Amino acid sequence: MGLFQKTSFTTLVVGVFVVYVLHTCWVMYGIVYTKPCQRPRRDAGGGCISPYLAEKPRLQLSIYTSVKPNANGGHSLVFKVDDFDVHSRFERTVNVSLPKKTRNNGTLYTMVFVHQAGVSPWQDSRQVHHVAQLTTYMLPKPPEVSLISGEEEQPEQQKRVGDRASDKPVSHWRSRLTLNVVSEDFTFDREALPSDVHRYLRVFQNGKKMMYLPLLFIDELSNRVKDLMEINSSTTELPLTISYDTISLGKLRFWIHMQDAVYSLQQFGFTEKDADEIKGIFVDTNLYFLALTFFVAAFHLLFDFLAFKNDISFWKKKKSMVGMSSKAVLWRCFSTIVIFLYLLDEQTSLLVLIPAGIGSVIEVWKVKKAFKIQMLWNGMKPSFLFGKLDESEKRTEEYDTQAMKYLSYLLYPLCIGGAAYALIYVKYKSWYSWLINSFVNGVYAFGFLFMLPQLFVNYKLKSVAHLPWKAFMYKAFNTFIDDVFAFIITMPTSHRLACFRDDVVFLIYLYQRWLYPVDRSRVNEYGVSYDEKPTAKDHKD
């Protein structure tokens with residue numbers, strides 16, 4: 001029983017996190033590694049499935065379009081490669097004629113065949129094919145307006161098709177078709193066939209040997225929102241970029257799992273834009289960076305949780321604002337709400353929007369604690385009561401006001417100049433969008449400056465005992481992880497420098513902690529004890 005009493009909640013969370021990371025690594029290893037068939041030669045015909053590509057057959061690639069997802073409807077050949085070499089990558093752009101049904105907000109499908117050269121795919125018993133949609137339904141992007149001149153500008157993709165935006169989902173053209181074939185000569189074990197590959201595997205008997213046809217895969221993760229083009233009744237044809245490359249078996253299995261996961265999210269109500277943000281995680285980086293991203297995201301989540309837990313615990317117990325910059329707390333609340341409204345205006349994924357909304361609620365609660373606000377109800381009418389400051393808190397407030405006065409000389413001109421530039425040179429959907437964008441740009445560009453008043457208060461009081469250092473450390477770890485990752489991947493130099501400015505401020509905090517040490521063995525000047533050992537009185541009790 002004593003062991004469980006000594007186990008802290010943080011230790012339990014870290015333990016669960018370690019088990020989760022190890023389990024995920026084991027699952028990922030099981031996906032990317034497939035054990036080949038290792039039966040004796042005399043049993044190879046009965047227990048192993050050999051690749052048809054090992055026979056080096058002459059193949060042909062044929063791509064058709066149809067308004068129905070099967071071969072029964074009318075189909076049109078749009079592209080073919082007569083002597084298809086599965087090892088040679090290529091990219092071609094063709095113009096595809098749109099049927100009348102598709103132009104009237106309908107759907108168009110593509111049927112991709114890999115079959116024997118010189119034989120019609122409809123009559124070839126050794127053909128493999130897959131069907132995918134070339135269209136999807138999505139809300140069109142609204143036109144942007146210059147708030148000064150009133151001149152309206154439609155998005156580029158609407159210019160190409162000539163239609164105005166509406167408030168109803170309309171058919172959009174997927175301008176890219178990405179194809180892959182597993183080119184390695186891999187022999188499957190019939191008794192250990194991976195379930196994810198099973199539905200892509202077409203097997204036939206060739207004498208005493210079991211063989212499987214080429215593993216064809218249509219990569220729908222590469223269908224991004226930025227490549228979509230709106231379709232209307234006057235659009236007779238649209239370009240389609242056909243991209244082909246080989247793929248390893250391990251990457252194919254991983255891609256199948258990720259594609260199924262994105263499809264499941266769409267079935268639960270995620271929009272095309274929500275799914276696109278998830279696709280970007282996998283498509284925009286290679287598998288090595290993807291694995292690194294997983295570990296970064298996992299540790300980021302852990303430190304976020306620990307920072308959240310310690311921050312809430314600190315503010316829940318806090319009774320006095322001595323040594324704390326109340327204006328920095330107020331700015332943090334304002335900036336968090338602005339970022340949340342910006343994400344809401346941009347129709348950002350719920351995966352990002354929900355945490356931002358929860359964070360905004362927490363920051364409002366911290367403002368309530370910082371300014372000692374009490375809400376009283378008189379029937380249905382609320383009233384607010386502000387608590388009074390004692391002498392120590394008033395002295396802190398004077399230092400805080402003095403720091404903000406110095407900071408305003410730099411901050412106000414920068415914010416006003418940025419908003420004026422956006423008003424003149426940038427087009428927005430509405431005045432609300434301009435206002436939110438101006439605020440959020442100021443938050444992102446100059447938000448780190450509001451960390452400085454707390455440094456000034458620490459300097460004047462010659463103390464850092466009032467700060468939530470555990471939450472500070474976890475947030476710093478998160479910032480450090482983000483910044484190192486920013487240097488690993490390709491980013492502009494200006495963005496990399498911007499990533500590290502928060503670290504510079506935090507280093508100053510660490511310097512102040514060294515300059516004004518805290519004696520953890522005694523009660524400090526703010527009535528807080530850091531002694532973790534129980535006293536004699538505690539043993540007696």
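Predicted model, so just to flag it, every value in this text is computed and none were measured.

A. Fine view of empty space enclosed by the protein. Enumeration over the complete set of coordinates arrives at three cavities of 30 Å³ or more. Estimates place the volume of the largest cavity at around 60 Å³. In this structure, the largest cavity is lined by P51, Y52, L53, V182, E184, Y212, L213, P214 and L215. Split into classes, the residues belonging to the lining of the largest cavity amount to eight nonpolar, no polar and one charged. The computed volume of the second largest cavity comes to approximately 40 Å³. Around the second largest cavity, the lining residues are A132, Q133, L134, R176, L177, T178, I218, D219, E220 and N223. Elements with a minimum of two residues in the lining of the second largest cavity: β6 (128-133) and β11 (176-182). Examining the composition of the lining of the second largest cavity, we find that three residues originate from one element, β11, more than from any other. Across the lining of the second largest cavity, the residue classes break down as four nonpolar, three polar and three charged.

B. Local environment of the sheet that holds β6. Taking strand neighbours across the sheet as the criterion, the four strands line up as β3-β2-β5-β6 in an open arrangement whose pairing is antiparallel. Each end of this open sheet is capped by a strand with a single partner; those strands are β3 (75-81) and β6. Taken pair by pair, the neighbouring strands of this sheet meet at an average axis angle of 20°, ignoring direction. Note: strand β2 (residues 59-66) against strand β5 (residues 109-116), eight bridges, orientation antiparallel. Across the sheet, L61 pairs through a bridge with V114, a residue of β5.

C. Examining the pairing of strand β18 (residues 373-378) more closely. Here six bridges tie β18 to strand β19 (residues 381-386), and the two strands are oriented antiparallel to one another. Following the sheet pairing, M375 is matched in β19 by F384.

D. Looking closely at a nonpolar patch on the surface. Taken together, the side chains of F9, L12, V16, F305 and F308 make up a nonpolar region of the molecular surface, amounting to roughly 470 Å² of accessible area. Listed by contribution, the elements that provide at least two residues to the nonpolar patch are α2 (9-32) and α9 (287-317). Here the nonpolar patch takes three residues from α2, the largest share from any one element. Relative to the helices and strands, V16 is located in helix α2.

E. Structural context of the side chain of Q60. Residue placement: Q60 occurs in strand β2. Only 3.2 Å separates the side chain of Q60 from the side chain of S62, close enough to count as a polar contact. Only 3.4 Å separates the side chain of Q60 from the backbone nitrogen of G118, close enough to count as a polar contact. If we skip the residues at most four places from it in the chain, Q60 touches K80, V81, D82, F84, F113, V114, H115, Q116, A117 and G118.

F. The arrangement of the nonpolar core in detail. Counting 33 residues, the largest nonpolar core has L61, F84, V112, W173, L179, L240 and I242 as its most contacted members. When contributions to this core are tallied by element, the ones reaching two or more residues are β2, β4 (90-97), β5, β6, β11, β15 (216-218) and β17 (237-247). By residue number, the principal contributor to this core is β17, which donates four residues. Not counting residues within four places of it along the chain, the set of residues in contact with F84 comprises L59, Q60, L61, F90, V114 and Y244.

G. The state of the cysteines, seen in detail. For the structure on display, the rule yields one disulfide. Two residues, C37 and C48, share a disulfide whose sulfurs are 1.8 Å apart. For the disulfide bridge between C37 and C48, the dihedral angle about the S-S bond is near -60°, and by the sign convention the bridge is left-handed. A residue pair is termed long-range when its members are at least 10 positions apart, and C37 in the loop between α2 and α3 (44-47) and C48 in strand β1 (residues 48-51) qualify at eleven residues. Each member of the pair, C37 as well as C48, carries the same accessibility label: buried.

About the thresholds
Residues numbered from 1 in each chain as written. Predicted model: local features only at pLDDT ≥ 70, side-chain atom pairs only at ≥ 80, totals over all residues. Heavy atoms only, no water. 1 Å grid on protein atoms, 1.4 Å probe; cavity = no way out; pocket = protein on both sides within 12 Å on 5 of 7 lines; lining within 4 Å. Points joined across faces, edges and corners; volume = space filled by probe spheres on them. Nonpolar A, V, L, I, M, F, W, Y, C, P; charged D, E, K, R; others polar. Helix = DSSP H or I, 4+ residues; strand = E, 2+ residues; numbered from the N terminus. Pairing = 2+ DSSP bridges. Axes fitted to C-alpha atoms, helices over the stretch in contact; angles between N-to-C directions. Patch = residues over 30% accessible without salt bridge, like charges linked within 9 Å, V, L, I, M, F, W, Y side chains within 5 Å. Areas by Shrake-Rupley, 256 points an atom, 1.4 Å probe, with all protein chains shown as cover. Salt bridge = Lys/Arg side-chain N within 4 Å of Asp/Glu carboxyl O. Polar contact = N/O pair within 3.5 Å; in protein donor to acceptor, adjacent residues only side chain to side chain. Contact = heavy atoms within 4.5 Å. Core = buried A, V, L, I, M, F, W, Y, C linked by side-chain atoms within 4.5 Å. Buried < 20%, exposed > 50% of the residue type's maximum accessible area, 1.4 Å probe, protein only. Disulfide = S-S within 2.5 Å.

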